[in-house]
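Residues per chain, in single letters:
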2 protein chains.
Amino acid sequence: MARGKVQMKRIENPVHRQVTFSKRRAGLLKKAKELSVLCDAEIGLFIFSAHGKLYELATKGSMQGLIERYLKSTKGVGVAEVAKDTQALDPKEEINMLKNEIDVLQKGLRYIFIISDLSN
Amino acid sequence: MARGKVQMKRIENPVHRQVTFSKRRAGLLKKAKELSVLCDAEIGLFIFSAHGKLYELATKGSMQGLIERYLKSTKGVGVAEVAKDTQALDPKEEINMLKNEIDVLQKGLRYIFIISDLSN
DNA sequence: AACTATATATAAGA
DNA sequence: TCTTATATATAGTT
């Protein structure tokens, strides 16, 4: 977008591709933050580079919190918070809870998320 | 960024805020797609409007797939595929599996993801 | 929702 | 990297 238009396909030259990735990644993260602030939106963004390195942004709280919200929003139930701290529970109670979650699963829901501690 | 700079804070006028949200949301999604194509990156992006409406983009496969990859990448284990189809399992076996997953949890891992069917 | 004038992002070059 | 010419995004306006 500067000294020439760019074709919308994979940049073949690895050096150019890496440079463009760095610049545009920074631009994308900046735009996401701006949208969040200006319009009071919550945004989760994660980027895996071609070699698997992760870059991420969660505008409110944690990415885990946003993922939960996302799954809830898309799957109806999806995210079931079973226990804040499983280590504080009697194992039998936990198994019973898990059985209940299995029942939920068998009713056709696709995801159960067991979260031991959301706060850190 | 056009007929005047914008302050980086919440836009108070609801009409302006909504218009800006629509425009910038479209811009952000476009930029994310471009980065993905040009640089061969995988991107997961979700946006919740102030009133909870979800807008999303997953550049390869599904958002669920990207979320799994995200959790794996950040939590080491994070995502444990327990069964492709829980309905095909004997309940006792399933409880044993869940006990094993509890053991994993009690070793300090934070997330277990029970996925009944990844394929649809 | 369409139109510009401007601000910003960024491709190519150094 | 840093610079700079240009493409793109978008704020204010209609």
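Below is a summary of the structure that appears in this document. Computed from a predicted model, the values in this text were never measured in an experiment. (Residues numbered from 1 in each chain as written. Chains lettered and ligands numbered in written order. Predicted model: local features only at pLDDT ≥ 70, side-chain atom pairs only at ≥ 80, totals over all residues. Heavy atoms only, no water.)

1. Concerning the protein's contact with DNA strand C
Link 1 in the chain: Surveying the vicinity of DNA strand C reveals 15 residues, the closest of which are Met-1, Ala-2, Arg-3 and Arg-24 of chain A together with Arg-3 of chain B.
Link 2 in the chain: Sugar plus phosphate: this is where 66% of the atoms of DNA strand C within 4 Å of the protein reside.
Link 3 in the chain: In this structure, a sugar or linking oxygen belonging to DNA strand C sits 2.6 Å away from a side-chain N or O atom of Arg-3 of chain B.
Link 4 in the chain: Tallying contributions element by element places helix 1 (residues 14-39) of chain A first for the surface near DNA strand C, with six residues.
Link 5 in the chain: When its residues are assigned to classes, the surface near DNA strand C shows four nonpolar, three polar and eight charged. (Near = heavy atom within 4 Å. Polar contact = N/O pair within 3.5 Å; in protein donor to acceptor, adjacent residues only side chain to side chain. Helix = DSSP H or I, 4+ residues; strand = E, 2+ residues; numbered from the N terminus. Nonpolar A, V, L, I, M, F, W, Y, C, P; charged D, E, K, R; others polar.)

2. Topic: the protein's contact with DNA strand D
Link 1 in the chain: Among the 15 residues in the neighbourhood of DNA strand D, the closest are listed as Met-1 and Arg-3 of chain A together with Met-1, Ala-2 and Arg-24 of chain B.
Link 2 in the chain: Those atoms of DNA strand D that come within 4 Å of the protein belong to sugar or phosphate at a rate of 62%.
Link 3 in the chain: Between DNA strand D and Arg-3 of chain B there is a distance of 3.4 Å, counted from a base nitrogen to a backbone nitrogen or oxygen.
Link 4 in the chain: Ranked by the residues each element gives to the surface near DNA strand D, the list is headed by helix 1 (residues 14-39) of chain B, at six residues.
Link 5 in the chain: Along the lines of polarity and charge, the residues of the surface near DNA strand D split into four nonpolar, three polar and eight charged.

3. Details of the nonpolar core
Link 1 in the chain: With 28 residues, the main nonpolar core has Leu-45 and Ile-47 of chain A together with Leu-45 and Ile-47 of chain B as its most contacted residues.
Link 2 in the chain: Mapped onto this core, the elements with two or more residues apiece are helix 1, strand 1 (42-48) and strand 2 (54-58) of chain A together with helix 1, strand 1 (42-48) and strand 2 (54-58) of chain B.
Link 3 in the chain: In this view, Ile-47 of chain B contacts Leu-35, Ala-41, Glu-42 and Ile-43 of chain A together with Phe-21, Arg-25, Leu-28, Lys-53, Leu-54 and Tyr-55 of chain B; residues no more than four positions away in its chain are not counted.
Link 4 in the chain: Counting residues in hydrophobic clusters, the runner-up holds 15 residues, among them Phe-46, Leu-54 and Tyr-70 of chain A together with Met-63 of chain B. (Core = buried A, V, L, I, M, F, W, Y, C linked by side-chain atoms within 4.5 Å. Buried < 20%, exposed > 50% of the residue type's maximum accessible area, 1.4 Å probe, protein only. Contact = heavy atoms within 4.5 Å.)

4. Here we look at the pattern of salt bridges
Link 1 in the chain: In the structure shown here, the tally under the stated rule is ten salt bridges over all chains.
Link 2 in the chain: A salt bridge links Arg-69 of chain A to Glu-42 of chain A; the nearest nitrogen and oxygen atoms lie 2.4 Å apart. Residue Arg-69 of chain A is located in helix 2 (residues 63-75), and its partner Glu-42 of chain A is located in strand 1; the two are separated by 27 residues in the primary sequence.
Link 3 in the chain: Exposure remark for Glu-42 of chain A: the relative accessible area of 17% places this residue in the buried category.
Link 4 in the chain: Connected through salt bridges with shared partners, the residues Arg-10 and Glu-12 of chain A together with Asp-40 and Lys-60 of chain B form a single ionic network. (Salt bridge = Lys/Arg side-chain N within 4 Å of Asp/Glu carboxyl O.)

5. Observations concerning the pairing of strand 2 of chain B
Residues and elements named next belong to chain B.
Link 1 in the chain: Alternating residues of strand 2 divide into Tyr-55 and Leu-57, all buried, and Leu-54, Glu-56 and Ala-58, none buried.
Link 2 in the chain: Pairing of strand 1 with strand 2 involves five bridges; the strand directions are antiparallel. Looking at strand 2, one finds that Ile-47 is bridged to Tyr-55.
Link 3 in the chain: With antiparallel pairing between neighbouring strands as the criterion, strand 1 and strand 2 make up a hairpin whose turn holds five residues, including Gly-52 at a positive phi of roughly 90 degrees. (Pairing = 2+ DSSP bridges.)

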